[in-house]
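Now for the letters of each chain:
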Amino acid sequence: MKNKENVLSFSQRIKLLAKGYALMHRMTPGMLRSTLIATFVTALQPMLVLFFSARIINELAGQRSVEVITRYVALTVGISFGLSVIKTFMSRTSSVSQSMAFFNLSLLQAEKYSLMDYGHTEDSALNEKLADLEAKARGNGLGMINLYHFSEMLIQNFFALVFAGILLVGMFSSNAVYEKNFATSPWANLILLGLLGLLIAVALIYRKKEEKVLGEIFSKNQKANTAAWYYNSYLKPDEAAKDIRLFNQSSVLARIFKESYGIDNWLRFFTFGAKMNGANSAMLALLAGAVYIIVGLRALAGMYDLGNVLQYSGAITAAVTATGLVTVALGRLYNNAEYVKPMLEYLNLPDTFKNGTLTVTAATANDYQIEFKNVSFRYPGSSESALKDLNLKLNIGQRLAVVGLNGSGKTTMIKLLCRLYDPTEGEILLNGKNIKEYDYPQYHQLFSVVFQDFQLFPLELGQNVASAKDFDKVNAERCLQDAGFGQRLEKMTAGLETMLYKSYDEEGVQVSGGEAQKIALARALYKNAPIVVLDEPTAALDPIAEFEVYSTFDKTIGEKTAVFISHRLSSCRFCHDIAVFESGRLVQRGSHETLVADTSGLYCELWNAQAKHYTGEVS
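Throughout this description, residue numbers start from 1 for each chain and increase along the sequence as written. Restriction of local features to residues with pLDDT of at least 70 applies here, the model being predicted, together with a cutoff of 80 or more for giving and counting side-chain atom pairs; totals for whole chains, interfaces and linings are based on all residues. In computing side-chain values, all of the structure's heavy atoms are included and hydrogens and water are not.

Caption draft 1: Quick look at the nonpolar core. Formed by 46 residues in total, the largest nonpolar core has its most connected members in Leu 461, Leu 480, Ile 519, Phe 553 and Phe 564. Beyond its immediate sequence surroundings of up to four residues, Phe 564 is in contact with Arg 399, Leu 400, Ala 401, Val 402, Leu 534, Tyr 550, Phe 553, Ile 557, Cys 572, Phe 574 and Cys 575. In these notes, a set of buried Ala, Val, Leu, Ile, Met, Phe, Trp, Tyr and Cys residues joined through side-chain atoms within 4.5 Å is what counts as a nonpolar core. Exposure categories follow from relative accessible area, calculated using a 1.4 Å probe and restricted to protein chains: below 20% of the type maximum is buried, above 50% is exposed, and the middle band is partly exposed. Of all hydrophobic cores here, the second largest spans 35 residues; its members include Ile 294, Val 295, Tyr 304 and Ala 318. Only heavy atoms matter for contacts: two residues are in contact if any of them lie within 4.5 Å across the pair.

Structural data, given as structure tokens:
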């Protein structure tokens, strides 16, 4: 159930719909124009055919002028053909716009995700909301996509209602001589208007009930939808196929899907929808039947010509149908407003990062000095500091290893170094100036970083290395060789054009976790930034292979400043300097030999604990 304070008012819904239409126009600028023309023509064509058909019947029942009948037939065929041509062209344009809408909306979401403050991407509440948006859009068509569908329905049936109303104007006049009875009296008109009002009232009552039912369902299904979409991706062949079989997860997954998709809730909703549509259809049939009876009785009384009977009967049928569909469209759009709101809120998430104006001048790697001064940091929403009073200077052109247990603050330090977050307290300096004062994109160009949770794309190998469609093939191949991927590359018949993974290409190549890590390392080399950071990207490799990769990387990057993070202390022995973190604090710093010699220090304790696994010692 919704809280009362979360229920949107009428004015709030109208404002949300207005903003949604503004976004729709932004995504597909020509869509509204083409929809207006297409729906106008679609609604006009049958009404014109009905009008001229009535004229033809009147002429056949009256003067029977061949010239007049021929003219009406020619007008009917000619205008109908012309409108069909226009409708076909404009409908195609409108359909293309609607087909592009989902793509454009996804593109807007992707652009926002790639440009917004990094902190937003780690916000679990936001990620849950995005998953829910995705589920509602794909599974139920709710949100922005619904604006396209029901706006077209609304506009077309509004035009149909207008044109039918024009054809019905003559229904309230009559021939000069006719029989006076109840059917020809104004009371019959009042009965029709009363039935029309009842139809609209019933529709509004059901739409209000629909809003409540939808709210109840989606309040229960938000987390369930998130789970359902997650487990859809879990079923990909390269994700969990082995675990599903070896741990007999099929029954567990079946239960998860059954609960996640909330079948019982949806059966309730569809049952409600069937009742609503049935009641609406019954009211339409009642109104149409009343109209046919009244029009027929009036024709028998001599009130209308024979052709007019056809015109009024057809027009009232069109009007009744259009009224029902206009009511449905308005109700759906009104109820849909609250599902437009989350998308608008997401696209308008505020960015608080200060983008400085200082230029990061092009220079050699030995010209960039970075220093942490009294830096502390708390993640948004947390009361605990992930990093506390850190003072640390990166020695230019040297290798710094950062070690410590999980949760000690190593990766947090890297996120602050790369300015994915700003310190809660203290400052980080680049060549003596706060990094906030530098141009944000330029500052990022200083770093080649490989995180443990790096991602490769189902694109060509060379494009993955260069992060671009066009690239220097010689350089890309050299970087792959330096990263230890050379032997695997030689076995790829398509070389750098080899497609990774089978997501979009059946000929795609599956690479192992270790091979993927080497490609990610090659990507870092290709960027050729002055400061290199490796945040445990080789976790899938064995200790010997990791040490070889780190050592090779150390030689490859030359005089660049580098930061290496690893749980395996043996991999970082070659580093000039080692920083030891514990509970968010820097507790030790020095060379490997110095730190091992301090038998009371954390580094020595960690080193001895790990060494037992390789020397055969037993505790």
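Caption draft 2: Examining the sheet that holds strand β10 (residues 585–590) more closely. With mixed pairing, six strands are arranged side by side in an open sheet as β6-β7-β8-β3-β9-β10. Strands with a single pairing partner mark the edges of an open sheet, and in this sheet they are β6 (447–451) and β10. Each strand axis lies, on average, 15 degrees off the axis of its neighbour in the sheet, ignoring direction. Two strands qualify as a pair provided DSSP detects at least 2 bridges between them. Working definition: helices are DSSP H or I runs of at least four residues, strands are E runs of at least two. Numbering for both runs from the N terminus. Of the strand pairs in this sheet, strand β3 (residues 399–404) and strand β8 (residues 561–565) are connected by four bridges, and their pairing is parallel. Residue Ala 401 lies in a different strand from β8, and its bridge partner there is Phe 564. Working convention: axes come from line fits to C-alpha atoms, limited for helices to the stretch in contact. Angles between N-to-C directions cover 0 to 180 degrees. Strands in contact with helix α17 (residues 513–527) are β6 and β7 (531–535); relative to β6, the strand with the most contacts, it is inclined by about 175 degrees.

Caption draft 3: Spatial organisation of the side chain of Lys 560. One can find Lys 560 in the loop between α18 (543–556) and β8. Residues adjacent in sequence count toward polar contacts only when both atoms are side-chain atoms; beyond that, a polar contact is any pair of N or O atoms within 3.5 Å, and within protein one must be able to donate a hydrogen and the other to accept it. At a separation of 3.1 Å, a polar atom in the side chain of Lys 560 contacts the main-chain carbonyl oxygen of Ala 529.

Caption draft 4: Spotlight on the packing of α17 against α18. Relative orientation of the contacting elements α17 and α18 amounts to 10 degrees, with a least axis distance of 12 Å. One way to sum up the angle between α17 and α18 is to call them roughly parallel. Between α17, through Leu 521, Ala 524 and Leu 525, and α18, the contact on the second element is made entirely by Val 549, Phe 553 and Thr 556. Among the residues making up the contact of α17 with α18, the classes are represented as five nonpolar, one polar and no charged. Roughly parallel means an angle under 35 degrees; roughly antiparallel means over 145; roughly perpendicular covers 65 to 115; every other angle is labelled oblique. Charged residues are taken to be Asp, Glu, Lys and Arg, nonpolar residues to be Ala, Val, Leu, Ile, Met, Phe, Trp, Tyr, Cys and Pro, and polar residues to be all remaining types, Gly included.

Caption draft 5: Up close: helix α11 (residues 306–347). Between the first and last residue of a helix there are one fewer steps than residues, each counted as 1.5 Å, and that sum is the expected span. The end-to-end C-alpha separation of α11 is 59 Å, in line with the 62 Å expected for 42 residues at 1.5 Å each. Within α11, 31 of the 42 residues are buried, which leaves the element mostly enclosed by the surrounding structure.

Caption draft 6: Representation of the packing of aromatic side chains. Aromatic contacts are taken between Phe, Tyr and Trp rings whose centres are within 6.5 Å, Trp giving its six-membered ring; a plane angle under 30 degrees counts as stacked, one over 60 as edge-to-face, and the others as tilted. As enumerated under the stated definition, the model contains 14 aromatic pairs in all. Seen in terms of ring centroids, Phe 40 and Phe 163 are 5.3 Å apart; in terms of plane orientation they differ by 80 degrees. Their pairing is edge-to-face. Taken together, the positions of Phe 40 in helix α2 (residues 31–61) and Phe 163 in helix α6 (residues 144–167) put the pair 123 residues apart, joining distant regions of the chain. The exposure class assigned to Phe 40 is partly exposed, which follows from its relative accessible area of 35%. One aromatic cluster is present, built from ring pairs that chain together Phe 40, Phe 158, Phe 159 and Phe 163. Stacked on the ring of Tyr 334, the Lys or Arg Arg 13 has its end atom at 4.7 Å from the ring centre. Counted as over-ring charges are cases with an Arg CZ or a Lys NZ within 6 Å of the ring centre that also lie within 35 degrees of the ring normal.

Caption draft 7: Broad picture of the pattern of salt bridges. For this document, the term salt bridge refers to a Lys or Arg side-chain nitrogen within 4 Å of an Asp or Glu carboxyl oxygen. Enumeration over the complete set of coordinates arrives at eight salt bridges. Between Glu 122 and Lys 415 there is a salt bridge, with the nearest N and O atoms lying 2.7 Å from each other. Of this pair, Glu 122 sits in the loop between α4 (118–121) and α5 (124–140) while Lys 415 is found in helix α12 (residues 410–417), placing the two residues 293 residues apart along the sequence. On the accessibility criterion, Glu 122 (36% relative accessible area) is partly exposed. The partner of Glu 345 in a salt bridge is Lys 341, with the nearest N and O atoms 3.9 Å apart.

Caption draft 8: Examining the environment of His 567 more closely. Relative to the helices and strands, His 567 is located in the loop between β8 and β9 (577–582). Assessed through its relative accessible area of 30%, His 567 is described here as partly exposed. Through-space distance from the C-alpha of His 567 to that of Leu 606 is 9.5 Å; in sequence the pair is 39 residues apart. If near-sequence neighbours (up to four positions away) are discounted, His 567 is found in contact with Gly 404, Asn 406, Lys 410, Glu 536 and Gln 610.

Caption draft 9: Expanded view of the packing of helix α1 (residues 10–27) against α6. Where α1 contacts α6, the two axes come as close as 10 Å, and the packing angle between them is 90 degrees. The orientation of α1 relative to α6 falls into the category roughly perpendicular. Contact residues: α1 offers Leu 17, Gly 20, Tyr 21, Leu 23, Met 24 and Met 27, while α6 offers Met 144, Leu 147, Tyr 148 and Ser 151. Considering only residue class, the contact of α1 with α6 consists of eight nonpolar, two polar and no charged.

Caption draft 10: Geometry of the environment of Ala 282. With respect to the helices and strands, Ala 282 occurs in helix α10 (residues 263–300). For Ala 282, a relative accessible area of 47% corresponds to the partly exposed category. Separated by 83 residues in the primary sequence, Ala 282 and Leu 199 place their C-alpha atoms 9.3 Å from one another.

Caption draft 11: Inspection of the sheet that holds strand β2 (residues 387–393) at higher detail. Strand order across the open sheet formed by four strands is β2-β1-β4-β5, with antiparallel pairing between neighbours. Each of the sheet's edge strands pairs with one partner strand only, and the pair in question is β2 and β5 (433–434). Pairing geometry for strand β1 (residues 370–377) and strand β4 (residues 425–430), over five bridges, is antiparallel. Bridge pairing links Phe 372 to Ile 428 in β4. The strands touched by α12 within the sheet are β1, β2 and β4, with β1 carrying the most contacts at an inclination of about 120 degrees.

Caption draft 12: Summary view of α12. By the criterion of burial, α12 is predominantly enclosed, with seven of the eight residues buried. What α12 keeps buried is the set Lys 410, Thr 412, Met 413, Ile 414, Lys 415, Leu 416 and Leu 417. Of the residues flanking the end of α12, it is Arg 419, one or two places downstream, whose phi is positive at about 55 degrees.

Caption draft 13: Spatial organisation of the pairing of β9. Among the six residues in β9, five count as buried, and that is most of the element. Looking at chain direction, β9 and β10 are connected through five bridges and run antiparallel. Bridging across to β10, Val 580 finds its partner in Gln 588. Hairpin connection of β9 to β10: two residues between the antiparallel strands, including Ser 583 at a positive phi of 55 degrees.

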